[in-house]
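Given next are the chains, with one letter for each unit.
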Amino acid sequence: MTRFFGRPLVLACAMALGLQACGGSELPSEAAAPSAPEVQAQSLAQDAAPDILAQLQAIPGLTVVQERPVPVPGLRFFVMSYDQPADHLHPNGTRFQQRVTLLYRSAEAPTVLASTGYGIGTFPGQWEPTYLVQGNQLTVEHRFFTPSIPQPANWKLLSIEQAAADHHRIVQAFKPLFPGKWISTGGSKGGMTSLYHRAFFPRDVDATVAYVAPNSYGTQDPRYVKFLSKLGTPECREKIRVFQREVLERRAETAPLFQQTGAVHYGSTYDFLGVDKALEFSVLEFAFAFWQYGDASLCDVIPPKGGSAQTLVDTLDEVVGLSYMSDGDLDYYAPYDFQAATQLGSYASEESHLRGVQHYPRGYDPRALVPFDMKPYPFNPFAMPLVEGWVKAFGERILLVYGENDPWSTGAFSVSARNDSYRFFEPGGNHGASITGLPEAEQAVALERLRTWAGLPAEDSATLGLRVRSAKAAELPLTTGVVDRRHGPPRD
């Protein structure tokens, strides 16, 4: 596979996208993470069962911040930080501490490299692939999410190439401790992050499981409007349109209640966008969020036309969240919106039914959500097509899971079966789609490939079924890593 990586990489270099030298998939030697000292390796050879804490403390550049208790016997959980260069092309410049957590089972177990694409929590939890392969779990916070942010913050260094290099150095640092198979994973932006890392450093891990990971064209990709126009019944779609229009038609009533309710429920302020724009952008988000996190049953929640203004605002809160366009949320999610505005892209909203009641037509764009001047940072139209092309043509051992009704499925990546890669859609699923939510036949394929990639023995159908049922009742909470932006950023 590696020999084929040169073609898209040369193109990436020509477009000033790549971090690596053209034709290779490694960082410059001075940017690579140092390997464990020989004396450490000799010590480990003499000790049949070295303590994992001592091993972690011996990794150059790694700081073990704390160990937290885990409510499951045999597991240990560590909160750590890893020293990283802000710019991997200039490793002697500014550096920052990147937050990392480790859920540890054993040195012999497979290792799951997980990314949310955002910040991470510091309490024990396990991702679906971690439980299914009974592996270790190394979760990496995305650069520029507090506290993993360089000081001073040079936003030009927030890119898929730099983030991929972050993951590359972390893999290099930890692989001496975990020599087994490695599986990368992530949900939504985390799934995207895992695919970007894989495209730039295809040999870092053995396989990738990406959940609900989209690939968008431009900051207002019109494909999403078409996808939403076919979801649900005509009656339900009309209720959504009527609701959106009424909230804006009655702006004199709804805007003050939007501000007041947001302040009471979430402590929200709207100084950056202003209440008027924050309300309008939340209304535009309504149709997308309706299907992203809900289903057809939400149609019954939409109030009939002519109800109270407070009911309209409460419904907007239930589906979108009144903190969604608040100052606090925009500040926390600025790294995502910046990436969406410069490389990742985003979705367009249907606005034709809102003519005459909008104040900011076509203004709902990620560039408008970043709380600083975006003029120095243009959108790169080549980044996503390059990744998309690599995933489809050269991406080996990739498992993609999407929700059938999730609007983000509009931008689902394509993979090739000849590369031992697979794509599944959970019937009726939304942005919470999972392997354990797939139909039995597809679930069996996904589990069998995942275990094979992890270097584990095959299991019969009865055992696989028991594993799925156990996963749904696991004592340690399971996640696919999807960050729900509706009700504010995750808290420690």
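Residues numbered from 1 in each chain as written. Predicted model: local features only at pLDDT ≥ 70, side-chain atom pairs only at ≥ 80, totals over all residues. Heavy atoms only, no water.

Draft legend 1. Summary view of the overall build of the protein chain. For the protein chain, the helix and strand inventory stands at 16 helices and 11 strands. Of the contacts made within the protein chain by residues no fewer than 6 positions apart, 72% connect residues no fewer than 24 positions apart. Summing over all exposed atoms, the protein chain offers an accessible surface of approximately 19300 Å²; the carbon and sulfur share of this is 54%. (Helix = DSSP H or I, 4+ residues; strand = E, 2+ residues; numbered from the N terminus. Contact = heavy atoms within 4.5 Å. Areas by Shrake-Rupley, 256 points an atom, 1.4 Å probe, with all protein chains shown as cover.)

Draft legend 2. Main features of the state of the cysteines. Applying the stated criterion across every chain, the model contains 1 disulfide. Each sulfur of the disulfide joining Cys236 and Cys299 lies 1.7 Å from the other. The sign of the -75° torsion about the S-S bond sets the Cys236-Cys299 disulfide as left-handed. In this pair, Cys236 sits in helix H8 (residues 234-249) while Cys299 sits in the loop between helix H10 (275-293) and helix H11 (309-319), placing the two residues 63 residues apart along the sequence. The same class applies to Cys236 and to Cys299, which are both buried. (Disulfide = S-S within 2.5 Å. Buried < 20%, exposed > 50% of the residue type's maximum accessible area, 1.4 Å probe, protein only.)

Draft legend 3. Just unusual backbone geometry, in detail. With an omega dihedral of 10°, the bond running from Thr146 to Pro147 counts as a cis peptide bond. Checked against the element boundaries, Pro147 lands in the loop between strand S6 (136-140) and helix H5 (160-174). Look at Phe144: it is not a glycine, yet its phi comes out positive at around 80°. Secondary-structure assignment places Phe144 in the loop between S6 and H5. Its identity is not glycine, yet Val212 carries a phi of approximately 40°, on the positive side. Relative to the assigned elements, Val212 resides in the loop between strand S8 (207-211) and helix H7 (223-228).

Draft legend 4. Summary view of the packing of aromatic side chains. Applying the stated criterion to the full structure yields 27 aromatic pairs. Measuring from ring centre to ring centre gives 5.1 Å for Phe144 and Trp155, while their planes differ by 55°; the resulting arrangement is tilted. Separated by 11 residues along the polypeptide, Phe144 in the loop between S6 and H5 and Trp155 in the loop between S6 and H5 bring together distant segments of the chain. For the pair Phe144 and Trp155, one class covers both residues: buried. Both rings, one in Trp155 and one in Phe338, keep their centres 5.3 Å apart while their planes meet at 55°; by these two values the pair is tilted. Pair noted here: Trp155 is in the loop between S6 and H5 and Phe338 is in helix H13 (residues 334-344), with a separation of 183 residues, a long-range link. Looking at Trp155, the relative accessible area reads 15%, which means it is buried. An aromatic cluster is defined as three or more aromatic residues linked by ring pairs; in this entry it consists of Tyr118, Phe145, Tyr332, Tyr333 and Tyr336. One cation-aromatic arrangement involves Lys189 over Tyr118; the distance from NZ or CZ to the ring centre is 5.6 Å. (Phe/Tyr/Trp six-rings, centres within 6.5 Å; stacked < 30°, edge-to-face > 60°. Lys NZ or Arg CZ within 6 Å of the ring centre and 35° of its normal.)

Draft legend 5. Up close: the sheet that holds strand S3 (residues 95-104). If you trace the 9 strands from one edge of the open sheet to the other, you get S1-S2-S3-S6-S4-S7-S8-S9-S10, paired in mixed fashion. Each end of this open sheet is capped by a strand with a single partner; those strands are strand S1 (62-68) and strand S10 (422-426). Put simply, the sheet's adjacent strands are angled 20° from each other on average, direction ignored. When S3 meets S6, the two strands line up antiparallel, connected through 4 bridges. Pairing of Leu102 across the sheet is with Leu138, part of S6. Sitting on the sheet, helix H15 (residues 440-453) is in contact with strand S7 (182-187), S8, strand S9 (398-403) and S10, with an inclination near 140° to S10. (Pairing = 2+ DSSP bridges. Axes fitted to C-alpha atoms, helices over the stretch in contact; angles between N-to-C directions.)

Draft legend 6. View of the pairing of strand S4 (residues 111-115). Counting buried positions over the 5 residues of S4 gives 5, a clear majority of the element. Burial along S4 is two-sided: Thr111, Leu113 and Ser115 and Val112 and Ala114, pointing in opposite directions, are all buried. Relative to S6, S4 runs parallel, the two being bridged by 5 bridges. Note on S6: the bridge partner recorded for Val112 is Gln137.

Draft legend 7. Structural context of H8. The end-to-end C-alpha distance of H8, which contains 16 residues, comes to 22 Å, matching closely the 22 Å that a straight helix rising 1.5 Å per residue would cover. Within H8, the full set of buried residues consists of Cys236, Arg237, Ile240, Phe243, Gln244, Glu246, Val247 and Leu248. Packing partners of the buried residues in H8 comprise H7, helix H9 (251-266), H10 and H11. (Expected span 1.5 Å × (residues − 1).)

Draft legend 8. Region of interest: the packing of helix H6 (residues 189-200) against H13. Packing of H6 against H13 brings their axes to within 13 Å, and their N-to-C directions diverge by 50°. In terms of their interaxial angle, H6 and H13 are classed as oblique. For the pair H6 and H13, the crossing hand works out as left-handed. When H6 is examined against H13, the residues Lys189, Met192 and Tyr196 are found in contact with a partner set consisting of Tyr336, Gln339 and Leu344. Of the residues contributing to the contact of H6 with H13, the split by class is 4 nonpolar, 1 polar and 1 charged. (Parallel < 35°, antiparallel > 145°, perpendicular 65-115°, else oblique. Left-handed = near helix turned anticlockwise from the far one by under 90°. Nonpolar A, V, L, I, M, F, W, Y, C, P; charged D, E, K, R; others polar.)

Draft legend 9. Highlighting the environment of Val247. Within the secondary structure layout, Val247 lies in helix H8. Residue Val247 is classed as buried on the basis of its relative accessible area, which comes to 2%. Between the C-alpha atom of Val247 and that of Val313, which follows or precedes it by 66 residues, the distance is 7.8 Å. Setting aside residues up to four positions removed in sequence, Val247 forms contacts with Thr254, Leu279, Val283 and Leu312.

Draft legend 10. Representation of the confidence of the model for the protein chain. Across the protein chain, the average pLDDT comes to 89, with 88% of residues at or above 70. Counting contacts from residues 1-34, a segment whose pLDDT is below 50, to residues more than four positions away or on other chains yields 76 contacts. Every residue in residues 36-47 is under pLDDT 50, and counting partners more than four places away or in other chains gives 5 contacts. (pLDDT = per-residue confidence, 0-100.)

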